[in-house]
Amino acid sequence: MVQTVIEPTSAGDVSATRDLYIKAYRFMLLARVLDDKLASLYRAGKILGGVFLGRGQEALSVSIGVGLRERDIFAPLIRDMAGRLAFNESVLDAARTFLGSSLGPMRGRDGNIHRGRPKEGQLAMISHLGAMISVVNGGLFARRMRGIKGTVGVACCGDGSTSTGSFHEAMNQAAIEKLPLVMVVADNQYAYSTPTERQFACRSLVDRAVGYGIPGYEVDGTNLTACLNVVGEAIARARAGEGPQLVVANLLRLCGHGEHDDAQYIEPKLKASDLGRDCMKLAEAYLTQQSWADAATLSKWRAEAVQKVEEATAAAQREPGPDPFAENYWAALSTENLLEGNE
Amino acid sequence: MSITYLEAIREAQAKALRDDPRVFIYGQDVGAFGGAFKATKGLAKEFPGRVLDAPIAEDAMAGLAIGAALEGMRPILEMQFADFSTVAFNQIVNQAATMFWRTNISCPITVRLPCGGTAGGGPFHSQTMEAIYAHYPGLVVLTPATVEDAYSMLLEAVAIDDPVIFCEHKFLYYHLKADSLPTEALPVGKARIARVGRDLTLVTYSAMVHESLAAADELLSEGWEVEVVDLRSVKPLDTDTVIASVARTGRLLCVGEAWPWGGVTAEVITRVVCEGYDLLDAPPQRLNAKDTPVPYHPNLWSAHRPTARSIAAAARKVLQR
Ligand SMILES: Cc1ncc(C[n+]2csc(CCOP(=O)(O)OP(=O)(O)O)c2C)c(N)n1
Ligand SMILES: [Mg+2]
């Protein structure tokens, strides 16, 4: 047994209160409804480029979003709709970016999952896996230099992304600098079609924490309570100055890699195992069992989420796309006098 | 007083650290040790906590600088050798260079690349990388050839709101000297006429400016007056100054230490041919390094890169047509 690994059951001080649980569940629901809507818009030909969903990973992702505070830094990845919404993203920002509205934060220059508002702490991911982690480190490093205390950064990635050099470089860098970085790895058993045995040879990715000299936590990614506890504790420890934390969640994505993919390669055995449980359904059962919500409340919440999503996607679809002549789309530098002419 | 190109780089960094609390330096061995070439000598002591040793992780070094720049800092990254910046290539060209265009937030990082050949440097400690960085939109690429430019352009690089690739030439570090640091300078984006002449325009940059000036001396003894244009910055590239010079001389030779395929010399010739074809009295020519890795042995190395002799020979061909 690895010494630094904390078992999810001993999750410590941060306990999921009813209010936190409900708040988290409702963001999960909003993310699921929005993801489903985006999938159908994609199938209807209304969205260009890839559509990647967080289905089955909402409990983990939302735990990050509800654990972060206003001045924190978040580097979400492709399956983090729930975390983005729970942190600070509006449904409209997401809808606009997927639907090519010029009014969205990326103004049609980039799309879909590649969106964010760095000034508000939500970084706009580049595609290259592993590349966002050291950027979070840089933000935290700058804050330390400026004497800003009490903020944390969370970076997300999948099992496959942990194989990159960037992941290793950034984890080691965070550890050396003792930065308040929480690295959340969603081990969903596949990287696109590649199963984890072709990705890494250690027992669990959490064992990597030992090599970096940082605490590591393993959590059942289908269980919202466990995710809230473990991610919450990791964030609290980073915030308290205990340095980087690694969280590895075990789960399964309940969709294709992207909406173009039927994921026939996923082992039926895995789907039937505990990993294949839907975190939404488990959370709903828990809400009912605790008498925190009855069927009527659950359907009211769903209706509210659907309404929000319908409004935002309808609005974004009515908005203009970018006009290549309307603003200076062809300036890659902010320093105008250093721009080269575009012939 | 006399100051070397390398000392000018150190002095510029000291001034940047002194004048701007947002500046910090991050790179391998740059702290107490003062850097592999001593470009940060004494700075860690003078500016505690602001000149920091990085792990051997160029990707994460660049990522950290980018994240800090987003938070309003002005990081200077030292790559130990330009060659190793390939490990940071992804962060530089995909993260830093796209930041402003994608998010409307500028990314003011300065990446110092000790570049170019020195005797014995060999394939992995000699590369000149201006062409590949200049190829990507969103980067400013500087190639100072003089002590004065090393100083003033590095200060300007730190002040520029966009990512700057600062190609400092290792061959110039120690032998190039000036009497004092400049108090004024041409702005980034303006080329400099390093020598006036009427028979041929020789466009070059970085260490090749000095080889080209030596070639011009040799050609003068044969009666040719060669104008040498020092580009100073390869992106943006001062096409106007180049074309104005070609308008005076009617002939063009471009010299670069980089490899021949594409690159700065090809770009200059393309621009002159496209915009000033009628100004040319002879086909423009270029001279680059050979299309092989940079050799280790001095005999091979001096035949691999352009030198005053090979530049003079190339110039004669353009002049005699
Ligand atoms: C450096 C890099 N290589 C390849 C890709 C293409 N790619 C995009 S997602 C993906 C799989 C990622 O798997 P994982 O990290 O496990 O995340 P998951 O999709 O399972 O959430 C790949 C190979 C990429 N985006 N970046
Ligand atoms: Mg995966």
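Residues numbered from 1 in each chain as written. Chains lettered and ligands numbered in written order. Predicted model: local features only at pLDDT ≥ 70, side-chain atom pairs only at ≥ 80, totals over all residues. Heavy atoms only, no water.

A word on the domain arrangement of chain B
Quoted interface sizes are often the accessible area lost when the parts come together.
Residue and element names in this part refer to chain B.
Here comes step 1: As far as domains go, chain B holds domain 1 (3-178) and domain 2 (192-319).
Here comes step 2: If you average the C-alpha positions of domain 1 and of domain 2, the two centres end up 26 Å apart.
Here comes step 3: Each partner contributes residues to the interface: domain 1 has 30 residues there, and domain 2 has 25 residues.
Here comes step 4: Contact with domain 2 buries area across many residues of domain 1, yet Glu 130, Thr 143 and Ala 145 alone supply 20% of it, more than any other trio.
Here comes step 5: In this assembly, domain 1 and domain 2 are joined by one salt bridge.
Here comes step 6: Arg 232 is paired through a salt bridge with Asp 149; the nearest N and O atoms lie 2.9 Å apart.
Here comes step 7: In this structure, the connection of domain 1 to domain 2 is made through 11 residue pairs in polar contact (both at pLDDT 80 or more).
Here comes step 8: Of the residues forming the side of domain 1 that touches domain 2, the biggest block, four residues, is contributed by helix H5 (residues 130-135).
Here comes step 9: For the side of domain 1 that touches domain 2, the per-class residue count stands at 16 nonpolar, 12 polar and two charged. (Domains from an automatic or database assignment. Contact = heavy atoms within 4.5 Å. Buried area = accessible area lost by both parts, 1.4 Å probe. Salt bridge = Lys/Arg side-chain N within 4 Å of Asp/Glu carboxyl O. Polar contact = N/O pair within 3.5 Å; in protein donor to acceptor, adjacent residues only side chain to side chain. Helix = DSSP H or I, 4+ residues; strand = E, 2+ residues; numbered from the N terminus. Nonpolar A, V, L, I, M, F, W, Y, C, P; charged D, E, K, R; others polar.)

Things to note about the sheet that holds strand E5 (residues 110-115) of chain B
Residues and elements named next belong to chain B.
Here comes step 1: With mixed pairing, the seven strands of this open sheet are ordered in space as E3-E2-E4-E5-E7-E6-E12. Among the strands making up the open sheet, the edge pair consists of strand E3 (51-53) and strand E12 (233-235). Within the sheet, the average angular offset between the axes of one strand and its neighbour, ignoring direction, is 20°.
Here comes step 2: Here strand E4 (residues 74-78) pairs with E5 via three bridges, running parallel. Bridging from a neighbouring strand, Ile 76 pairs with Thr 110 of E5.
Here comes step 3: In this fold helix H6 (residues 147-159) packs onto strand E2 (23-27), E4, E5, strand E6 (140-142), strand E7 (164-169) and E12, with an angle of close to 160° to the strand it touches most, E7. (Pairing = 2+ DSSP bridges. Axes fitted to C-alpha atoms, helices over the stretch in contact; angles between N-to-C directions.)

Comments concerning the interface of chain B and chain A
Here comes step 1: With 46 residues of chain B at the contact, the number on the chain A side is 40 residues.
Here comes step 2: If you sort the residues of chain B by the area they bury against chain A, B:Glu71, B:Trp101 and B:Arg102 come out on top, with a joint share of 24%.
Here comes step 3: Our count for the contact surface shared by chain B and chain A stands at three salt bridges.
Here comes step 4: Residues A:Arg143 and B:Glu71 are paired through a salt bridge, measuring 2.9 Å at the closest nitrogen-oxygen approach.
Here comes step 5: Counting across the chain B and chain A interface gives 24 residue pairs in polar contact (both at pLDDT 80 or more).
Here comes step 6: Secondary-structure elements contributing two or more residues to the side of chain B that touches chain A are E2, helix H3 (58-70) and helix H4 (89-103) of chain B.
Here comes step 7: No other element matches the 10 residues that H3(B) contributes to the side of chain B that touches chain A.
Here comes step 8: Broken down by class, the residue content of the side of chain B that touches chain A amounts to 24 nonpolar, 12 polar and 10 charged.

Observations concerning the state of the cysteines
Here comes step 1: With the rule as written, the count across this model stands at zero disulfides over all chains.
Here comes step 2: Looking at the unpaired A:Cys227, the closest cysteine sulfur is the one in A:Cys279, lying at 7.8 Å. (Disulfide = S-S within 2.5 Å.)

Considerations on the site of ligand 1
Residues and elements named next belong to chain A.
Here comes step 1: What surrounds ligand 1 is a group of 14 residues, the closest being Arg 79, Gly 160, Ser 161, Asn 188 and Tyr 190.
Here comes step 2: At 3.2 Å, a backbone N or O of Leu 129 approaches a nitrogen atom of ligand 1.
Here comes step 3: The protein chains hide 68% of the 580 Å² of surface that ligand 1 would expose on its own.
Here comes step 4: Spatially, ligand 1 is embedded in the second largest pocket. (Near = heavy atom within 4 Å. Areas by Shrake-Rupley, 256 points an atom, 1.4 Å probe, with all protein chains shown as cover. 1 Å grid on protein atoms, 1.4 Å probe; cavity = no way out; pocket = protein on both sides within 12 Å on 5 of 7 lines; lining within 4 Å. Sits in = over half its atoms within 2 Å of the grid points.)

Comments concerning empty space enclosed by the protein
Residue and element names in this part refer to chain B.
Here comes step 1: Counted by the stated rule, this structure contains four cavities of 30 Å³ or more.
Here comes step 2: Contributing to the lining of the largest cavity are Gly 117, Ser 126, Gln 127, Thr 128, Glu 257, Ala 258, Trp 259, Ala 289, Val 294, Trp 301, His 304 and Arg 305.
Here comes step 3: For the lining of the largest cavity, the class distribution of residues is five nonpolar, five polar and two charged.
Here comes step 4: Lining the lining of the largest cavity are residues from two domains, each supplying at least three of them: domain 1 (3-178) and domain 2 (192-319). (Points joined across faces, edges and corners; volume = space filled by probe spheres on them.)

Brief notes about unusual backbone geometry
Only a minority of non-glycine residues have a phi that is not negative, and only a minority of peptide bonds are not trans.
Residue and element names in this part refer to chain B.
Here comes step 1: That bond from Lys 235 to Pro 236 is cis: its omega, 5°, falls within 30 degrees of zero.
Here comes step 2: With phi around 65°, Asp 29 is a residue other than glycine that occupies positive phi space.
Here comes step 3: The residue Asp 29 is located in the loop between E2 and helix H2 (43-46) in this model.

Describing the pairing of strand E10 (residues 200-204) of chain B
Within a regular strand, the side chains alternate between the two sheet faces.
Residues and elements named next belong to chain B.
Here comes step 1: Most of E10 sits out of view: five of its five residues are buried.
Here comes step 2: Bridge count between E10 and strand E11 (residues 226-230): five bridges; the pairing is parallel. Considered in E11, the bridge of Thr 201 is made with Glu 227.
Here comes step 3: The parallel pair E10 and E11, bridged by helix H8 (residues 208-220), forms a crossover whose chirality is right-handed. (Buried < 20%, exposed > 50% of the residue type's maximum accessible area, 1.4 Å probe, protein only. Right-handed = clockwise from strand over helix to strand, strands pointing away.)

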